[in-house]
Every structure is written in C-alpha cells, then in structure tokens.
Amino acid sequence: MSAPLAALFLREWRVARRIGGSGAMGVVFFLTLVAIVPFAVGPDPNLLARIGPAILWIAALLATLLCLDRLFQADAEDGSLDLFHLAETPLELAVLVKCAAHWAATGLPLILAAPFLGLMLQQETMALWGVVATLLVGTPALTLIGAIGAAATVTVRRGGLLMALLVLPLTIPVLIFGVSAAEAASGGTVPFSAPFAILCAITLAALALCPFAAAAALRYLGE
Amino acid sequence: MSRDIAQPAPPPADGAMRLCVENLSVSRGGRLILDRLSFSVSSGQALVVSGPNGAGKSTLLRALAGLLPHMAGSIALAGGPSDVELPQQAHYLAHSDGLKSALTVEENLDFWSRYLGQEPDPRNRSVDAALAVVGLCRIAGAPVGALSAGQKRRVALARLLVAFRPLWLLDEPLTALDRASREKFAAAMRDHCAEGGLIVAATHEPLGLDEASTLALGSAA
C-alpha cells in the first residue's frame, strides 16, 4: 500500500515545484497581505503587536485557499482523476496524500516565512513562537477543509471564488482557536495549552473526516 | 438499438477470463443512452464498438470502467481473482491522456506503473520496455508538455503496458497516431490478447486486428 502512495506524493511534489512555484506564489501573497495591513491600520507599534497574530493567521488562511483551487481540477482536466478511480488505492487515501504533498509544498513555506513577517508586525519572541506553533498545527486543517471545497468545485470553471465562499465559513473554528492560542503564547489570561489543544483536536478531526468528504464529492461529480 | 455481435464468443477455457455484460442500461443527463445491451468478450478476444457520434460508445466504456452507474443490468468479469473488483482489473484510456505536462515521460510512466500496478506480475513491463514498444525511447527524459499530440497519445498507450491489467477499455485509441505508430500499437494489442487479455475498443477507424468482433451501437436519437 505504501509504494503507490509514495509515488503519488513524489508526483504531486514535483508538479507543485515545477509549475510556476505555487509555494513561492503563496509566500509572496502572504508577504503582500501582511505588508499592506500597517498601511490600513496605521504604524502604531502597540496596535500592530496586539493584532499581529490575527493578521498573520488571516493572511495564512487566504494564502492557503489561494493555492488550493487547482488541487483536483488539474487532475480532472488531464484525465488522471478517472484513473485514480481505477486504482486499488482508495480515493480517500489518494486525497489525503495529495493534501499532504500540497501542504508540504505551499503550507510549510508560509510557516517558515511567518517569523520574519511577524518581526514586521512588532511581535516579540514568544509571540513569534506561538504563531509558528499554531500555524504548524492549524494549516493542515485549512488544507484538508479546503480540499472539500476543491473537490466540490472540481467541475466548475474558475471555481476559485466559489470554493472560497464554501470553505471560509468552515475554517472559522480553526481561525478562532489558532489566533487565541497564538495570542495566549505572549501572555494573557488564557493559558496557551487550552486553545492549542482544541486546535490540535480540530486538525485531527479534519484529518479523519475531510478525505472522506472530499472523496465522496469527487465520486459523485465524476459520474 | 441494435445489438448484433458478429462472432458469438466461445465459452472460456480453464483460467481464462470472460467479460459478461447483460441487459446493461445507462442514462446520462436524463436520457437513456444504452438500452438493455448484452455482449460478452473472452480472453484473447477484442471487441470493436462502432457507431455514429452520440451512439454511446464512450458511455459504454465509462460504465464498464465503473465511472458511470448503470440503471439496470450487470457487468461481470468471470475467471479473474474474485477479491479484485472489475475496475481494478481494467485499464481505461479516455480522450485525455492522464499525463502531467510538467513531468517527464519517464516520471509519468513510472508513477502510473507504481500506482496502477501494485501487484508484481511477470507481464508488467519496465518503463524502458514499454517506451520501446511505442517507439519513444529517445524522448524518455523530455517533459510531456513539450511533446506533440501523437507522442502524448503514445505515452498514454505505454501506460497500458507498464502495469498488466487483463481488460483494456480503449476510447478512440488511435487518435493523432501516425501509420507506423498504429501498426506498433496493433502489434501490442495482439500481444495483449495472446497473453490472455481482453480488449473493448470504441473507434471509427480499423484497429488492425483481424480477429476482432464488432458491436454496432444504434444511431443517436
């Protein structure tokens, strides 16, 4: 069972690295979003320090969604998706591996870039670690939830906007607990571990449920 | 809808496989495309599905591949391993080639050989051997995006060879192929039948198989 999945991961990783560098695109989009916020809210260091984790999280959410719309559409267009249905490997596992490869190619660069962008937002060391830890745990959930939207819009031309409309409401719990854990890391009344544990639970639940939902959508739309 | 089969299939010998389709009805978009279609194909045989555009050739192949639900009737592949479902014993070649244009020919085929051919089988060919059959050895390292339509089609045909599956479902396999490639592919199909394989091909053009039977689908409504 593992050799086909490793082959799929390698293929997805290579495609992601070679086609226009979607990882780099996501990071540039992330950078742009974070860079324009101080122009909108003003350069007050205290204000930026306070809302910094939230800005980083919203930017990471939008950058993740931006890169997700082609997750299954490219496979549907070149005929690979039909062939996935004919393989011994269950479609659910294929979805999971595609999400893992997508996260490694686009989510990880965001997390690596986040501390540097956090410095632009006057974040202190503990806050930076908090943001990195919450993004590391929370962005896989964003990718997995986004995969449902990508699967549901696989037959829709230019479905990116529709996908965002479908997915953004579902990501609200991730955003709430991600931001509150990141803020708790730099002090406050709430201990860091409480919202962080819920964030971990959301990601684990997404890991268990989203591949089934996305594969069901792909099966239904493939008919 | 006519259902004449030129040669009735003989009963399968021991170890041989037999694809039996009985009273298959499939509708798409609320319209009945296939109405109570019955035929059978045995190991070593090829069935050419012909008919005008819209007669349901592609629909039939997608239904056989398990990609479309059927309203009535049955599709069964007798004689194979009982624990493997029919789609997993079939290769499906559609209009699209299933190739990633950013990857090289070799990387694409290597992926499909590992993804579709999970069981070790002496009839699985190496990527190099499959490329030799379709005559593309020299461009194994080229990205698929840089190939012509005919060359991409030949890479897609090589996919059928890297992982052995008894049933080949081919939808217009000869699209964009030149004369030499058609002859090479006809030889590959004869080899597949000789190895006990079954072929169901929808095509308007002669496949170059002398012993193939024909299934003529009726005219489009």
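Scroll up for the structure.
Residues numbered from 1 in each chain as written. Chains lettered and ligands numbered in written order. Predicted model: local features only at pLDDT ≥ 70, side-chain atom pairs only at ≥ 80, totals over all residues. Heavy atoms only, no water.

S.K.: I'd like to hear about the overall build of chain A, residue by residue, with values.
M.R.: Within chain A one finds ten helices and zero strands. When the helices and strands of chain A are listed from N to C terminus, the series reads α-α-α-α-α-α-α-α-α-α. Rg of the C-alpha trace for chain A: 18 Å, near the compact-globule value of 17 Å for 223 residues, within the 12% margin. Pairs at least 24 apart in sequence give 81% of the contacts found in chain A among residues at least 6 apart. For chain A, the computed accessible surface area is about 9,900 Å², with 74% contributed by carbon and sulfur atoms. Charged side chains of chain A number 10 positive and 12 negative; the gap between the two group centres comes to 6 Å. (Helix = DSSP H or I, 4+ residues; strand = E, 2+ residues; numbered from the N terminus. Rg over C-alpha atoms; globule rule 2.2 N^0.38 Å. Contact = heavy atoms within 4.5 Å. Areas by Shrake-Rupley, 256 points an atom, 1.4 Å probe, with all protein chains shown as cover. Lys, Arg positive; Asp, Glu negative; His and termini not counted. Charge placed at Lys NZ, Arg CZ, Asp CG, Glu CD.)

S.K.: Account for the state of the cysteines, naming residues and giving values.
M.R.: Applying the stated rule across the entire model yields zero disulfides over all chains. Here Cys67(A) stays unpaired: no disulfide links it, and the sulfur of Cys99(A), its closest cysteine neighbor, is 13 Å away. The thiol of Cys20(B) is unpaired, and the distance to the nearest cysteine sulfur, on Cys193(B), comes to 17 Å. (Disulfide = S-S within 2.5 Å.)

S.K.: How would you summarise the side chain of Ser40(B) if you had to cite specific residues and measurements?
M.R.: Locating Ser40(B) in the fold gives a position in strand 2 (residues 31-42). Only 3.1 Å separates the side chain of Ser40(B) from the side chain of Arg18(B), close enough to count as a polar contact. (Polar contact = N/O pair within 3.5 Å; in protein donor to acceptor, adjacent residues only side chain to side chain.)

S.K.: Can you break down helix 5 (residues 179-194) of chain B residue by residue, with the values?
M.R.: All names here are of chain B. An ideal rise of 1.5 Å per residue puts 22 Å on 16 residues; helix 5 measures up with 23 Å between its terminal C-alpha atoms. Within helix 5, the full set of buried residues consists of Ser181, Phe185, Ala186, Ala188, Met189, His192 and Cys193. Projected down its long axis, helix 5 shows its buried positions confined to an angular sector of 160°, all on one face. Exposed side of helix 5, more than 90 degrees from the buried face: Arg179, Glu183 and Ala194 are the residues found there. Packed against the buried residues of helix 5 are strand 3 (46-50), helix 3 (127-134), helix 4 (149-162), strand 6 (167-171) and strand 7 (198-202). Gly196 occupies a position one or two residues after helix 5 and carries a positive phi of about 95°. (Expected span 1.5 Å × (residues − 1). Buried < 20%, exposed > 50% of the residue type's maximum accessible area, 1.4 Å probe, protein only. Arc of directions from axis to C-beta.)

S.K.: Before we move on, could you go through the packing of aromatic side chains and cite the residues and values that matter?
M.R.: Enumeration according to the criterion identifies seven aromatic pairs over all chains in this entry. Grouping aromatic residues by their ring pairs yields a cluster made of Phe84(A), Phe111(B), Trp112(B) and Tyr115(B). If you follow Arg17(A) out to its NZ or CZ, it ends over the ring of Trp13(A), 5.4 Å from the centre. (Phe/Tyr/Trp six-rings, centres within 6.5 Å; stacked < 30°, edge-to-face > 60°. Lys NZ or Arg CZ within 6 Å of the ring centre and 35° of its normal.)

S.K.: Residues and numbers for a nonpolar patch on the surface, please.
M.R.: Residue and element names in this part refer to chain A. Together, Leu161, Leu162, Leu165 and Leu166 line one region of the surface with nonpolar side chains, adding up to about 410 Å² of accessible area. Tracing the sequence through the fold places Leu166 in helix 8 (residues 160-167). Owing to a relative accessible area of 41%, Leu166 belongs among the partly exposed residues under this scheme. (Patch = residues over 30% accessible without salt bridge, like charges linked within 9 Å, V, L, I, M, F, W, Y side chains within 5 Å. Salt bridge = Lys/Arg side-chain N within 4 Å of Asp/Glu carboxyl O.)

S.K.: Break down unusual backbone geometry for me, citing the residues and quoting the values.
M.R.: Look at Gln122(A): it is not a glycine, yet its phi comes out positive at around 60°. For Gln122(A), the location among the structural elements is in the loop between helix 6 (91-120) and helix 7 (125-152).

S.K.: Can you tell me about the interface of chain B and chain A, naming the residues and giving the values?
M.R.: Between chain B and chain A, the residue contacts involve 28 residues of the former and 27 residues of the latter. Interface area, chain B with chain A, both sides summed: about 2,600 Å², of which 60% is carbon and sulfur. Applying the counting rule to chain B against chain A returns six salt bridges. Of all the secondary structure elements, the ones that give two or more residues to the side of chain B that touches chain A are strand 5 (90-93) and helix 2 (105-116) of chain B. A class-by-class count of the residues in the side of chain B that touches chain A yields 14 nonpolar, six polar and eight charged. (Buried area = accessible area lost by both parts, 1.4 Å probe. Nonpolar A, V, L, I, M, F, W, Y, C, P; charged D, E, K, R; others polar.)

S.K.: Residue-level account of the pattern of salt bridges, with values.
M.R.: Following the criterion strictly, the structure yields 17 salt bridges over all chains and no others. One salt bridge connects Asp75(A) with Lys100(B), and the closest N-O pair in it is separated by 2.7 Å. Remark: Lys100(B) occurs in the loop between strand 5 and helix 2 and Asp75(A) occurs in helix 4 (residues 73-78); the pair is interchain, linking two chains. On the basis of relative accessible area, Lys100(B) is assigned to the buried category, the value being 7%. With a shortest N-O distance of 3.1 Å, Arg219(A) and Glu92(A) are connected by a salt bridge. Of the two residues, Arg219(A) is situated in helix 10 (residues 193-222) and Glu92(A) in helix 6; the sequence distance between them amounts to 127 residues. On the basis of relative accessible area, Arg219(A) is assigned to the partly exposed category, the value being 36%. A relative accessible area of 15% means that Glu92(A) is categorised as buried.

S.K.: Hey, could you go over the sheet that holds strand 6 of chain B for me, with residue numbers and the actual values?
M.R.: Residues and elements named next belong to chain B. An order of 5-6-7-3-8 is seen for the five strands of this open sheet, with the pairing classed as parallel. The sheet terminates laterally at strand 5 and strand 8 (213-216), the two strands that pair on one side only. On average, each strand axis in the sheet is tilted by 15° relative to the strand beside it, whichever way the strands run. Note: strand 6 against strand 7, five bridges, orientation parallel. Note that in strand 7 the partner of Leu169 across the bridge is Val200. (Pairing = 2+ DSSP bridges. Axes fitted to C-alpha atoms, helices over the stretch in contact; angles between N-to-C directions.)

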